[in-house]
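Inside the fold
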Amino acid sequence: MSMSNTDLLTPYTARWYTAAQARALPPAGPTFSGTYTVALQGGSALELPLRVLPGGDKAIALLMSNQTPFAVEDALAPLVTAAAASLQPEVIAAVPTMGLDYARLVARGLGLADYVALGHSRKFWYDEALSEAATSSTSTQGKRVYLDPALVARVRGKRVVLVDDVINTGVSALSAVRLLERAGAEVVGLTVLLSEGHAWRAVVGELGTGWDQRVRAVGHIPMFEAAGDGRWQPMAGTL
């Protein structure tokens, strides 16, 4: 049985540090190898693996929310819940796919009775009018985001906050906001664990002046370019 390049990837790992542990970490240098540690709201930190992008000259600090240990999820959930609470939502909605787990935790943390899960899979009873084209930075093909018609009543006329794990291009967020607004929701903001770079600002800006200020992130990660000797440096303009 032959092995592909994906078979050779190291196992995914992510580690959370308390604020006290984060203060004891050695200062970060100008270049990185293997991992990148991002500072979070409240002083804690999250160590993420670096993954090389196709082409081999760029890399990202990869948060795979469905592969992190439960202990990391338990530590991050209150942070993103606090960020969402600052927007005073009546409803929490999830940007699929990686936003689903955290949206559920945020809604429960805010004492809400339920949440709204947007999805990429079209069930037979769905209405194509309740969908938007959406392509994320890690997807390899075009897709659409759908709102179940049975959930329209949950969002119509309500203050809705979207939840996702990472915002990068902003395309997924833009599609989700437009879809919910067409269903009658008042989308007051987006809460994410991490913002990555700044390209997303111009994209969500299509929703209106200052909309990028409605995005609340627990932490920020740059994108990386090759620095030689297998090391990576943050790209100018993405810090």
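Before any of the text, the structure's been laid out above.
Now for a quick tour of the structure. (Residues numbered from 1 in each chain as written. Predicted model: local features only at pLDDT ≥ 70, side-chain atom pairs only at ≥ 80, totals over all residues. Heavy atoms only, no water.)

1. Here we look at the sheet that holds strand S11 (residues 215-221)
The strands making up a sheet associate through backbone hydrogen bonding, with each pair oriented either parallel or antiparallel. Keep this limit in mind: A pair of strands is considered paired only if DSSP assigns at least 2 bridges between the two. In DSSP terms, a helix is any run of H or I states spanning at least four residues, a strand is any run of E spanning at least two, and both are numbered starting from the N terminus. What makes two residues a contact is simply this: any of their non-hydrogen atoms within 4.5 Å. Only the contacting stretch of a helix is used when fitting its axis, a line to C-alpha atoms as for every element, and angles between N-to-C directions run 0 to 180 degrees.
Sheet architecture is open: 5 strands sit in the order S6-S5-S9-S10-S11, paired in parallel fashion. In this open sheet, the two strands that pair with only one neighbour each are strand S6 (116-117) and S11. Note: strand S5 (residues 91-94) against S6, 2 bridges, orientation parallel. What sits directly across from Ala 93, in S6, is Val 116. Packed onto the sheet, helix H2 (residues 70-85) meets S5, strand S9 (159-167), strand S10 (186-196) and S11 and runs at close to 145° relative to S10. In this fold helix H3 (residues 99-109) packs onto S5, S6, S9 and S10, with an angle of close to 165° to the strand it touches most, S5.

2. A closer look at the layout of surface pockets
Our working definition: Cavity and pocket criteria rest on a 1 Å grid covering protein atoms alone: a 1.4 Å probe that fits but cannot get out defines a cavity, protein on both sides within 12 Å along at least 5 of 7 lines defines an open pocket, and an atom within 4 Å of a point defines a lining residue. Grid points are joined across faces, edges and corners, and a volume is the space filled by probe spheres set on the points.
Space inside the second largest pocket adds up to approximately 240 Å³. Taken together, 16 residues line the second largest pocket, and the ones lying closest to its centre are Leu 25, Pro 26, Ala 28, Phe 32 and Thr 37. Contributing elements (two or more residues each) for the lining of the second largest pocket: strand S2 (35-39) and strand S3 (45-52). Looking at which element gives the most residues to the lining of the second largest pocket, the answer is S2, with 5 residues.

3. Considerations on the packing of H2 against H3
Note the threshold: In this scheme the handedness of a crossing depends on how the near helix is turned from the far one: anticlockwise by less than a right angle means left-handed, clockwise means right-handed. Under the scheme applied here, ten amino acids are nonpolar (Ala, Val, Leu, Ile, Met, Phe, Trp, Tyr, Cys and Pro), four are charged (Asp, Glu, Lys and Arg), and all others, including Gly, are polar.
At a minimum axis separation of 9 Å, H2 and H3 run at an interaxial angle of 65°. When the axes of H2 and H3 are compared, the crossing they make is right-handed. Within the contact between the two elements, H2 uses Val 72, Glu 73, Leu 76, Ala 77, Val 80, Thr 81 and Ala 84 and H3 uses Asp 101, Tyr 102, Leu 105, Val 106 and Gly 109. The residue makeup of the contact of H2 with H3, split by class, is 8 nonpolar, 2 polar and 2 charged.

4. Topic: the pairing of S10
Test applied: Burial classes follow relative accessibility: with a 1.4 Å probe on protein chains only, a residue under 20% of its type's maximum area counts as buried, one over 50% as exposed, and anything between as partly exposed. With strands facing away from the observer, any crossover in which the path from the first strand over the helix to the second runs clockwise is taken as right-handed.
With 10 of its 11 residues buried, S10 lies for the most part within the structure. Direction of pairing for S9 relative to S10: parallel, over a ladder of 8 bridges. Bridge pairing links Arg 159 to Glu 186 in S10. Handedness of the S9-helix H5 (residues 171-182)-S10 crossover: right-handed. Bridge count for S10 against S11 is 6 bridges, and the pairing is parallel. Note that in S11 the partner of Leu 190 across the bridge is Val 215.

5. Side note on the pattern of salt bridges
Filter applied, for reference: For this document, the term salt bridge refers to a Lys or Arg side-chain nitrogen within 4 Å of an Asp or Glu carboxyl oxygen.
Within the structure shown, the criterion is met by 8 salt bridges. Here Arg 201 ties to Asp 212 by a salt bridge, and the two come within 3.2 Å at their closest N and O atoms. Taken together, the positions of Arg 201 in helix H6 (residues 199-204) and Asp 212 in the loop between H6 and S11 put the pair 11 residues apart, joining distant regions of the chain. Several salt bridges share partner residues, and in doing so they unite Arg 122, Glu 128 and Arg 144 into one network.

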